[in-house]
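Structural features, examined
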Amino acid sequence: MTTPRKSPRRTAIRATSAPADRPADDAIWPRVTREVADDLAVDAPARDRAGKAPFDEVARLQEAGLPALLTAPRADRRGADWRAASAVVREISAADSSVGELLAHHYVLSWSSRFFGPAPDPGSVPALDARTAQEHWLLAGGVEPPRTGTDPGLTLTPATGGWILDGRRAFTSGVAVADRLVVGARPGGTGDWLVVLVDPAHPGVFTDPGTERVGQRLSGAGTVTFDHVPIPAEHVLGLLPYDEHAVAPFATLAPLALRLLLVQVGLGIAEGALAEARDVSRAGQAGPVPVPVERDGSSVAGADPVGPGDDPYLLLAYGELATAAHAASAVVERATDALARGLLAGPALGPEERADIAVLVAAAETLTGRAAVRITTRVLELVDGAEGADAQGGGPGFDRFWRNARALTAPTQPALRLRDIGDHYLNGTHARLTLPV
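It should be emphasised that the depicted structure is a prediction, and the values quoted were computed from it without experimental measurement. (Residues numbered from 1 in each chain as written. Predicted model: local features only at pLDDT ≥ 70, side-chain atom pairs only at ≥ 80, totals over all residues. Heavy atoms only, no water.)

A short note on the packing of helix α8 (residues 253-282) against helix α9 (residues 312-345)
As a packed pair, α8 and α9 sit with axes 10 Å apart at the nearest point and diverge in direction by 155 degrees. Taken as axis vectors, α8 and α9 run roughly antiparallel relative to one another. Regarding α8 and α9, the two cross each other, and that crossing is left-handed. Looking at the contact of α8 with α9 residue by residue, the class counts come to 17 nonpolar, 5 polar and 1 charged. (Axes fitted to C-alpha atoms, helices over the stretch in contact; angles between N-to-C directions. Helix = DSSP H or I, 4+ residues; strand = E, 2+ residues; numbered from the N terminus. Parallel < 35°, antiparallel > 145°, perpendicular 65-115°, else oblique. Left-handed = near helix turned anticlockwise from the far one by under 90°. Nonpolar A, V, L, I, M, F, W, Y, C, P; charged D, E, K, R; others polar.)

Right under this line is the structure:
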């Protein structure tokens, strides 16, 4: 185990690089995101094969100012809204889904003070928001009660001026390269959970990078051990009540926001795979060009070969896959709009509105997960035999889309999501409030 290393920040080279005090102009972000995505797409297969910790990728994001997208650098400025953040995650994921997952976790954790802390004064900027923007931090971690009663999770012990953090936890994204960690821990091992901010460079923090993964290899996953790490009182971001019925509906939007941003990652994977396969097919590289044949198997006299753009079976395949992507996109957009409205409502959000948002997120998660796996699987068949399509040969490496889609969707439980949707639709029942972030 080693303490986390920090890579030197690269010198800013883009005209779109943004200082922390730049106003959040939503019209600028699509262009900035496109440039970063194009940059990541150039060497995505090579970086996926190398499987190194994503220090360089994080530096690219920081140069462009994308980690500070949602945060307001000053009280008289505003961050972009969640629709803009969702669009950024989706486009980045089409180029490199591991980096998209990094951003997804960061964006949700950057709102930890809003979700779990006391309501800020009107016109003020939460301390975490301001520091994240000013210091160009990338956040990682998670707030998640233990899944079993025998797992103690992370614990906090009272100390002079704050707390002492101990324990060990695995995280799916970002901990190998994060500037700060946001984690949940239980004081004394019982009672409510506190959400705290931790500096991973502290000598008591040890990070084991994740073992080689099938997919999402560059997400910076790992296991973190906290050994007697002091937490000043000002680094306590908020409280998560032990009784789920005492949790405010607005706080329960945190896991929904993360799930929906990870849905954007999955949709980006599907769209990225489909777009790259289309480029190969348009170039006439998707296997040998078929020649029309008679029923007895002989070639049709004088018939011209059927090019990729004329092959009815290829057109049918792309039509089906494009339709699946469009359908998933429509459901995701509806859920994104509902979540954005819920986040704007803030503490005024009611349990009925929260339940409606949860159902839309579950529908988007289920439909997009299935579409991503189906599209990335079918794309492998469409480019089979294409020149350079084998990742091991240094070509486009379409297998990475399938691996990433499988790794991202494997932890989800579509049957449970569908049951919750059906229960809500038939009986008006609210899904159980769960708070893994």
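Don't stop here, the text continues.
A word on empty space enclosed by the protein
Taken as a whole, this structure holds 3 cavities of 30 Å³ or more when the rule is applied. Roughly 100 Å³ of volume is contained in the second largest cavity. Around the second largest cavity, the lining is made up of 15 residues, and of these A95, D96, S97, R400 and N404 lie nearest the centre. Residue assignment for the lining of the second largest cavity shows that the elements contributing at least two residues are α2 (44-50), α4 (82-95), α5 (97-109) and α11 (399-409). (1 Å grid on protein atoms, 1.4 Å probe; cavity = no way out; pocket = protein on both sides within 12 Å on 5 of 7 lines; lining within 4 Å. Points joined across faces, edges and corners; volume = space filled by probe spheres on them.)

Examining the nonpolar core
Counting 85 residues, the largest nonpolar core has L66, I92, Y107, F115, L253 and I375 as the members making the most contacts within it. The element contributing the most residues to this core is α8, with 16 residues. When neighbours within four sequence positions are excluded, I92 is seen to be in contact with T33, V36, A37, L40, L66, S97, V99, G100 and L103. Counting residues in each nonpolar core, the second largest holds 18 residues, with A140, V175, L181 and V229 among its members. (Core = buried A, V, L, I, M, F, W, Y, C linked by side-chain atoms within 4.5 Å. Buried < 20%, exposed > 50% of the residue type's maximum accessible area, 1.4 Å probe, protein only. Contact = heavy atoms within 4.5 Å.)

Overview of the pattern of salt bridges
Two side chains bearing opposite charge may form a pair once their charged atoms approach each other closely. Following the criterion strictly, the structure yields 21 salt bridges and no others. For D48, the salt bridge identified is with R217, shortest N-O distance 3.8 Å. Here the residue D48 occupies a position in helix α2, and R217 occupies one in the loop between β6 (205-209) and β7 (222-232), the gap between them amounting to 169 residues. Using a relative accessible area of 6% as the deciding quantity, one classes D48 as buried. Among the ionic pairs, D337 bridges to R83, the shortest N-O distance being 3.0 Å. Of this pair, D337 sits in helix α9 while R83 sits in helix α4, placing them 254 residues apart in sequence. With a relative accessible area of 29%, D337 lands in the partly exposed category. When its relative accessible area of 33% is taken as the criterion, R83 is described as partly exposed. When salt bridges that share partners are traced, they join D39, D43, R47, D56, E57, R60 and D96 into one network. (Salt bridge = Lys/Arg side-chain N within 4 Å of Asp/Glu carboxyl O.)

Some words on α9
Here α9 is 34 residues long and its end C-alpha atoms lie 50 Å apart, about the 50 Å a rise of 1.5 Å per residue gives. Of the residues flanking the start of α9, the one acting as N-cap is D311, its side-chain oxygen 3.0 Å from the backbone nitrogen of Y313. Once α9 finishes, G346 follows within two positions and takes phi at roughly 65 degrees, a positive value. (Expected span 1.5 Å × (residues − 1). Polar contact = N/O pair within 3.5 Å; in protein donor to acceptor, adjacent residues only side chain to side chain.)

Looking at unusual backbone geometry
Positive phi outside glycine occurs at H136, with the angle close to 55 degrees. Note that H136 resides in the loop between α7 (127-135) and β1 (139-142). Unusually for a residue other than glycine, Q216 sits at a positive phi of about 50 degrees. With respect to the element layout, Q216 can be found in the loop between β6 and β7. By relative accessible area, which is 1% here, Q216 ends up buried.

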